[in-house]
Amino acid sequence: MEIFVEKDYEGMSLRAAQMVAIEIKRKRQIVLGLASGNTPLGLYKYWIRMVQQGNLSFKGVTSFNLDEYLGLAPQHPQSYWTYMQENLFCQIDIEPEHVHIPHGDVEDVAAHCLAYEQLIRQVGGIDIQILGIGQNGHIGFNEPGGRFGNSTHLVELTEGTRQVNSRYFLQGEDVPTHAITMGLKSIMNAKQIVLLAAGENKSDAVYKAIMEEVSSELPASVLQLHPNCVFILDEEAASRLPASVQGKREVAR
Ligand code: PGA
């Protein structure tokens, strides 16, 4: 596992944007796993800027998003589909048919999950998976206690996750209770993983993910077993890491 610590959120976002942009340019057809939430917004902002300045194209990119709330149709204002359209896809040149996000309003969830996994396999698997991390150590919506062997599946969200995410909804009770998420196995199958974390409130989860034993109680800890995983952190998210790990710090440019 490689760890980069940047001074702040902007530095974290820029490093991630540049790192992935190099791969997008190098590989004409590339499959990206994308995440929603607050954390990747800066990364998306930099990609959009690169596209607008003519320095990057998403024409050869296929994308798969990690998760979607169960019960929300794509057009719902709080769906991750809407989030992705507004914060990235509408502003870059990706082909709409190359974009994949689980549908939260399907009738047969199990069949949908299976088809999602098949689609990922059909395109050769995910080259680079972008991840955030929850305060409880979840990645995607793989909550503590979930199985490492899970592929895309239906999960029940913890009260804590619903509370954290209630900031996007008008009333707490509107936050869906379930979601469809790529599983830990789907995530671990990606050829490269880039996890982003910023802010003091992520420092505990980041510490446990890197420093403690791999455990399903802290789902992100499974990333210790991935052969090509990069954590890009800001100083606050990295603040609990000991000096031996902090020694790998890179100074923000
Ligand atoms: P955040 O969420 O980026 O909004 O902090 C990350 C997550 O819960 O995985």
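Quantities reported herein were computed from a predicted structural model and do not represent experimental measurements.

Enquirer: Got a minute to help me understand the pairing of strand S7 (residues 153-156) in this structure?
Expert: Look at any regular strand and the pattern is simple: side chains alternate between the two faces of the sheet. Burial along S7 is one-sided: His-153 and Val-155 are buried, while Leu-154 and Glu-156, pointing the other way, are not. One ladder, built from four bridges, connects S7 with strand S8 (residues 178-181); its direction is antiparallel. The partner of Glu-156 across the bridge, within S8, is His-178.

Enquirer: I would appreciate a short explanation of the site of the ligand in the present structure.
Expert: Surveying the vicinity of the ligand reveals the residues Gly-37, Asn-38, Thr-39, Gly-132, Ile-133, Gly-134, His-138, Arg-167, Tyr-168 and Lys-202. Here an oxygen atom of the ligand and a side-chain polar atom of His-138 are 2.6 Å apart. Between the ligand and Lys-202, the relevant distance is 2.6 Å, taken from an oxygen atom to a side-chain nitrogen or oxygen of the residue. The residue makeup of the shell around the ligand, split by class, is two nonpolar, six polar and two charged.

Enquirer: Please explain the sheet that holds strand S5 (residues 99-100) as it appears in this structure.
Expert: Backbone-to-backbone hydrogen bonds pair the strands of a sheet. The strands run either parallel or antiparallel. As summarised here, the arrangement of the seven strands in space is S1-S10-S9-S6-S2-S3-S5, forming an open sheet in which the pairing is parallel. Edge positions in the open sheet fall to strand S1 (2-6) and S5, since each of these has one partner strand only.

Enquirer: I would appreciate a short explanation of the nonpolar core in the present structure.
Expert: Grouped burial of nonpolar side chains is what soluble globular proteins tend to show. Grouped together as the largest cluster of nonpolar side chains are 44 residues, with contacts concentrated most on Leu-32, Leu-34, Trp-47, Phe-58, Leu-88 and Phe-89. Taken together, the elements giving at least two residues each to this core come down to helix H1 (9-26), strand S2 (30-34), helix H2 (41-52), helix H3 (80-87), strand S6 (128-131), strand S9 (192-197) and strand S10 (229-234). Per-element tally for this core: the top contributor is H2, with seven residues. With residues near it in sequence (within four places) discarded, Leu-32 still touches Val-20, Ile-24, Trp-47, Phe-58, Val-61, Thr-62, Ser-63, Phe-64, Ile-126 and Ile-128. Among the nonpolar cores identified, the runner-up in size contains 34 residues, and Ile-120, Ala-209, Cys-229 and Leu-241 belong to it.

Enquirer: Looking at this structure, I do not really get the environment of Ala-220. What am I missing?
Expert: Here Ala-220 lies in the loop between helix H7 (203-211) and S10. Separated by 82 residues in sequence, Ala-220 and His-138 place their C-alpha atoms 6.0 Å apart. Not counting chain neighbours up to four residues away, the residues in contact with Ala-220 comprise Ile-133, Gly-137, Ile-139 and Ala-209.

Rules behind the numbers
- Each residue is numbered by its place in its chain's sequence as written, counting from 1.
- Two thresholds apply to this predicted model, a pLDDT of at least 70 for residue-level local features and 80 or more for giving and counting side-chain atom pairs, whereas whole-chain, interface and lining totals are computed over all residues.
- Derived side-chain values reflect all non-hydrogen atoms in the structure, with water molecules and hydrogen atoms excluded from consideration.
- Whether a residue is buried, partly exposed or exposed follows from its accessible area with a 1.4 Å probe, protein chains only, as a fraction of its type maximum: under 20%, in between, or over 50%, in that order.
- The way it works is that DSSP assigns letters per residue, a run of H or I at least four long becomes a helix, a run of E at least two long becomes a strand, and they are numbered from the N terminus.
- One requirement defines pairing of two strands: DSSP has to find at least two bridges between them.
- Each residue is tested against the molecule or strand, and it is near if at least one of its non-hydrogen atoms lies within 4 Å.
- Whenever two N or O atoms come within 3.5 Å, that pair is a polar contact, provided that in protein one can donate a hydrogen and the other can accept it, and provided that, for residues adjacent in sequence, both atoms are side-chain atoms.
- By the convention adopted, Pro, Cys, Tyr, Trp, Phe, Met, Ile, Leu, Val and Ala count as nonpolar, Lys, Arg, Asp and Glu as charged, and the other residues, Gly among them, as polar.
- Buried Ala, Val, Leu, Ile, Met, Phe, Trp, Tyr and Cys residues that are joined via side-chain atoms within 4.5 Å together make up what is termed a nonpolar core.
- When checking whether two residues touch, look at their non-hydrogen atoms; a contact exists if any pair is within 4.5 Å.

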